Amino acid sequence: MNDIDNRIRAALHAAVDGIQEHDLRPADAPTGERPQRQTVRWLAPLLAAAAVAAAAATTFALTSSPSATHKPAPPGGGGPQPSTSSAPNSSPSSDTSGPTPASTTVQATRVPPPVLAGYQPLWPFANGTQAKQWENVDGPNGHSPWHSDARATALFFVTGYLQFQDITKVTAADVAANRADVSVGYDLPSGTEHTAAVIHLVRFGDENAPWEVVAAAADNFSITQPSPGEQVSSPMTVAGRITGVDESITVAVRTIDGSVDKVGPVPAGGDNAPWSTTAPFSEHGVLTVVASTGGHLTAHERFVVVGVTTGS
Amino acid sequence: MSTAVMAPTSDADAAVAALFRSHRLSLVRLARLLVDDLETAEDVVQDAFSALHRRWHAIADQKAALGYLRTSVVNGSRSVLRRRRTARAYVWPDGARLSVDGADSGVLLDEEHLAVLAALRRLPSRQREVIVLRYWADLSEAEIAATLDISVGAVKSSASRGRDAIAALLGGER
């Protein structure tokens, strides 16, 4: 037995052998009959979630602009107006491989954990106080119900706040109790969907709290500098890695009040090749650093977002 | 941990319940090595048991049932990762350690284990699955081949490449 074998075996056992029955959520073996206790326990939150989703979807369809009803909405007046075909409530593509069902209802029973620390809230609320105010005053059945819809929030972030009008739809979504990854993109001329980025959102609170964008990631395109939450000063170096041919990277530094400083385009390309630029900015507070590349098919074929602060 | 004790209503109920009691924990541990977090691992395992229950009468014996469950867990874990393929480019600030250090089990791992697990996560999914089934589940090459529905030769090559890649990532040791 080689040492590397022992090291792999030891690490794997150390990683999970400490998981015990009491670490797992209560669950029952599936039966031919629905267990009464479990049905009762699951039914209320499921129905509540369905009602909220239905209300949000309905009201969302009737709401022409999220910015028309709430202060933290995107700057620019009109705001995004997603079409029916780009409804952010579209489901993620199903995955039918293997004998395992693609989804489970267990997740709906989870008690949302406490507020997650370490995130840099970017949009649509400038801080947790504003988010709490919406929750207390409006809530999912009041003004701007899209705040309770992670998909809508992600799409509005891109089309309204970032002003990427070529991003037209949600292509997939993985929504958990207090965090969500929502993929956004557009249809290629061939008819297939293209995902330009995955928007990362969190809830700063329980299931009634609104969603807040904290970052965005893309395939084979990254920002490695600055780091999320880093304190920066002008001009800052924005750098990362990219895989692609004849890429053209634009960096924008945005604030929630609508100001923006842009630099680029920076030519880049290669296999996981480094890119870098210097981005001066004039604003203070929380900054949304956006790097986008495109030009082949659309202006924003891929983009990544990191939140930083000037610390003042 | 089972909370709602119910009288089995069929042979499928009884058999799946017995498997659930005996193997749920070990299958969650297996899934935990293949996905991001414990809750997802639990979901994958619950789905596997549900699928087994639905298809119970097409499965010959308990040994085959365990193999079916194991395959379901691996496939389910792979599906989760596929759906999160792009999302995984981003490391959640409080999720980075959770994803590798077993913090959800209350165990703090040393640097050695963290390095091995980090290397494991950089492997292609097939190699990672083979490594986990070989080194953690202690399955034979034939059992791994059956679980993953690949040839024994593919198991051998995946194990060898995965092992070599981990060794290289840990510093060139072979």
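The shown structure was predicted, so the numbers you read here are calculated from the model rather than taken from an experiment.

Caption draft 1: Looking closely at the overall build of chain B. Check the secondary structure of chain B and you find eight helices and zero strands. Of all 174 residues assigned to chain B, the portion counted as buried reaches 53%. Residue pairs at least 24 apart in sequence account for 60% of intrachain contacts in chain B once pairs closer than 6 positions are excluded. About 7500 Å² of surface is accessible on chain B, with carbon and sulfur atoms providing 52% of the total.

Caption draft 2: Structural context of the overall build of chain A. When you go through chain A residue by residue, the secondary structure sums to four helices and nine strands. When the elements of chain A are put in sequence order from the N terminus, they spell out α-α-α-α-β-β-β-β-β-β-β-β-β. Here chain A holds 312 residues, and 49% of them are scored as buried. For chain A, long-range pairs separated by at least 24 residues make up 60% of all intrachain contacts whose partners lie at least 6 apart in sequence. For chain A, the exposed surface amounts to about 13700 Å²; the carbon and sulfur share of it is 53%.

Caption draft 3: Quick look at the packing of helix α1 (residues 3–16) of chain A against helix α5 (residues 111–121) of chain B. Across the interface, α1(A) lies against α5(B) with an axial gap of 9 Å and an inter-helix angle of 95°. As judged from the angle between their axes, α1(A) and α5(B) are roughly perpendicular. Contacts from Arg7(A), Ile8(A), Ala10(A), Ala11(A), Leu12(A), Ala14(A) and Ala15(A) of α1(A) reach α5(B) at Glu112(B), His113(B), Val116(B), Leu117(B) and Leu120(B). Residues belonging to the contact of α1(A) with α5(B) are distributed by class as follows: nine nonpolar, one polar and two charged.

Caption draft 4: Structural context of the packing of aromatic side chains. Residues and elements named next belong to chain A. Applying the stated rule across the entire model yields six aromatic pairs over all chains. With 6.0 Å between their ring centres and 50° between their planes, phenylalanine 221 and tryptophan 275 make a pair best called tilted. A residue pair is termed long-range when its members are at least 10 positions apart, and phenylalanine 221 in strand β5 (residues 221–225) and tryptophan 275 in strand β7 (residues 260–279) qualify at 54 residues. Owing to a relative accessible area of 3%, tryptophan 275 belongs among the buried residues under this scheme.

Caption draft 5: Representation of the pattern of salt bridges within the structure. Tallied over the entire structure, the rule returns 13 salt bridges over all chains. Across the pair Arg7(A) and Asp3(A) runs a salt bridge whose closest N-O atoms are separated by 4.0 Å. With Arg7(A) and Asp3(A) both in helix α1 and four residues apart, the pair spans about one turn of that helix. Residue Asp3(A) is classed as partly exposed on the basis of its relative accessible area, which comes to 40%. The salt bridge partner of Arg25(A) is Asp43(B), with a shortest N-O separation of 2.8 Å. Pair noted here: Arg25(A) is in the loop between α1 and α2 (36–62) and Asp43(B) is in helix α2 (residues 38–54), and the two residues belong to different chains.

Caption draft 6: Here's a closer look at the nonpolar core. Judged by nonpolar contacts, the single largest core of 58 residues is most densely connected at Leu12(A) and Leu52(B). Of all the secondary-structure elements, those providing two or more residues to this core are α1 of chain A together with α1 (11–34), α2, α3 (62–83), α5, α6 (125–135), α7 (141–148) and α8 (152–169) of chain B.

Caption draft 7: Structural detail: the confidence of the model for chain A. Residues and elements named next belong to chain A. Summing up the model confidence of chain A, the mean pLDDT is 71 and the portion of residues at 70 or higher is 68%. Of all secondary-structure elements in chain A, the lowest mean pLDDT belongs to α2, at 34, while strand β8 (residues 286–293) reaches the highest, 92. Residue range residues 34–117 is modelled with pLDDT below 50. Its contacts to residues more than four positions away, or to other chains, number 131 contacts.

Caption draft 8: Summary view of α1(A). Over its 14 residues, α1(A) runs 21 Å from end to end, which matches the ideal 20 Å to within 8%, given 1.5 Å per residue. Within α1(A) the residues assigned to the buried category are Ile4(A), Asp5(A), Arg7(A), Ile8(A), Ala11(A), Leu12(A), Ala14(A), Ala15(A) and Val16(A). Check the buried side of α1(A) and you find it contacts α1, α5, α6 and α8 of chain B.

Caption draft 9: Region of interest: the side chain of Thr159(A). Residues and elements named next belong to chain A. Looking at the element boundaries, threonine 159 is found in helix α4 (residues 150–161). Judged by relative accessible area, which is 9%, threonine 159 ranks as buried. A distance of 2.9 Å separates the side chain of threonine 159 from the backbone oxygen of leucine 155, its partner in a polar contact.

Caption draft 10: Spotlight on the side chain of Asp13(B). Residue and element names in this part refer to chain B. Positionally, aspartate 13 belongs in helix α1. The side chain of aspartate 13 sits in the buried core without any salt bridge; arginine 21 is the nearest counter-charge, 11 Å away. Within polar-contact distance, the side chain of aspartate 13 engages the side chain of histidine 53 at 2.5 Å.

Criteria and thresholds
Residues numbered from 1 in each chain as written. Chains lettered and ligands numbered in written order. Predicted model: local features only at pLDDT ≥ 70, side-chain atom pairs only at ≥ 80, totals over all residues. Heavy atoms only, no water. Helix = DSSP H or I, 4+ residues; strand = E, 2+ residues; numbered from the N terminus. Buried < 20%, exposed > 50% of the residue type's maximum accessible area, 1.4 Å probe, protein only. Contact = heavy atoms within 4.5 Å. Areas by Shrake-Rupley, 256 points an atom, 1.4 Å probe, with all protein chains shown as cover. Axes fitted to C-alpha atoms, helices over the stretch in contact; angles between N-to-C directions. Parallel < 35°, antiparallel > 145°, perpendicular 65-115°, else oblique. Nonpolar A, V, L, I, M, F, W, Y, C, P; charged D, E, K, R; others polar. Phe/Tyr/Trp six-rings, centres within 6.5 Å; stacked < 30°, edge-to-face > 60°. Salt bridge = Lys/Arg side-chain N within 4 Å of Asp/Glu carboxyl O. Core = buried A, V, L, I, M, F, W, Y, C linked by side-chain atoms within 4.5 Å. pLDDT = per-residue confidence, 0-100. Expected span 1.5 Å × (residues − 1). Polar contact = N/O pair within 3.5 Å; in protein donor to acceptor, adjacent residues only side chain to side chain. Lys, Arg positive; Asp, Glu negative; His and termini not counted.

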